[in-house]
Amino acid sequence: MAGYTEIEKLEIVKDHLLPKQIKEHGLKKSNLQLRDQAILDIIRYYTREAGVRSLERQLAAICRKAAKAIVAEERKRITVTEKNLQDFIGKRIFRYGQAETEDQVGVVTGLAYTTVLRHHHHHH
C-alpha cells in the first residue's frame, strides 16, 4: 500500500476492501454506504501504517456497528459520513500528516523532552 496516493487508496477501499468486509459481516451492499470523505478520513486519521490490514480493521469495525444497528433498529441502510464516523470507530488516532515512521516519532519525543529540560532550567 505504500506509494499509493489517497485517491488510489480510496478506490482500493471502495472496489475491494469494503465489499469484502460487507460480505464477511453478512450485509448487503445496499445496507451500508460509506461516503468518500469518510473513507478519506479513515485513511488519514485512523490508519497510519500504509498496510491494508489497519484499513480492513477499521472497515470491519464499521461493518460490525452497522450490522448491529440494522438488526437492532431495523434500519435498511446505514450511511457513514465524515460527521458520524467517530460514532463508528471512535476518536481519531492520528493527526493528519503526522510522522509516518517510528523513527520520526522518536525524534519528536526527543525534541519535546529537550524543550522540557530547557524550560526546567529556566526556572532556576
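Further up the page is the structure itself.
Conventions adopted
- Residues numbered from 1 in each chain as written.
- Predicted model: local features only at pLDDT ≥ 70, side-chain atom pairs only at ≥ 80, totals over all residues.
- Heavy atoms only, no water.
- Helix = DSSP H or I, 4+ residues; strand = E, 2+ residues; numbered from the N terminus.
- Buried < 20%, exposed > 50% of the residue type's maximum accessible area, 1.4 Å probe, protein only.
- Contact = heavy atoms within 4.5 Å.
- Salt bridge = Lys/Arg side-chain N within 4 Å of Asp/Glu carboxyl O.

Participant: Is there a simple way to explain the environment of Thr 79 in this structure?
Facilitator: By secondary structure assignment, the location of Thr 79 is in strand E2 (residues 78-80). Here Thr 79 falls in the partly exposed class, since its relative accessible area comes to 23%. When the C-alpha positions of Thr 79 and Ser 30 are compared, they lie 9.9 Å apart, and in sequence the two are 49 residues distant. Setting aside chain neighbours within four positions, we find Thr 79 in contact with Gln 33, Arg 35 and Asn 84.

Participant: Just to check I follow, could you spell out the pattern of salt bridges for this structure?
Facilitator: Under the counting rule described, the total for this entry stands at 6 salt bridges. With its nearest N and O atoms 2.9 Å apart, the salt bridge here joins Arg 44 to Glu 6. A residue pair is termed long-range when its members are at least 10 positions apart, and Arg 44 in helix H2 (residues 36-45) and Glu 6 in helix H1 (residues 6-24) qualify at 38 residues. With a relative accessible area of 22%, Glu 6 lands in the partly exposed category. Measuring nitrogen to oxygen at the nearest pair gives 2.8 Å for the salt bridge that ties Glu 73 to Arg 75.

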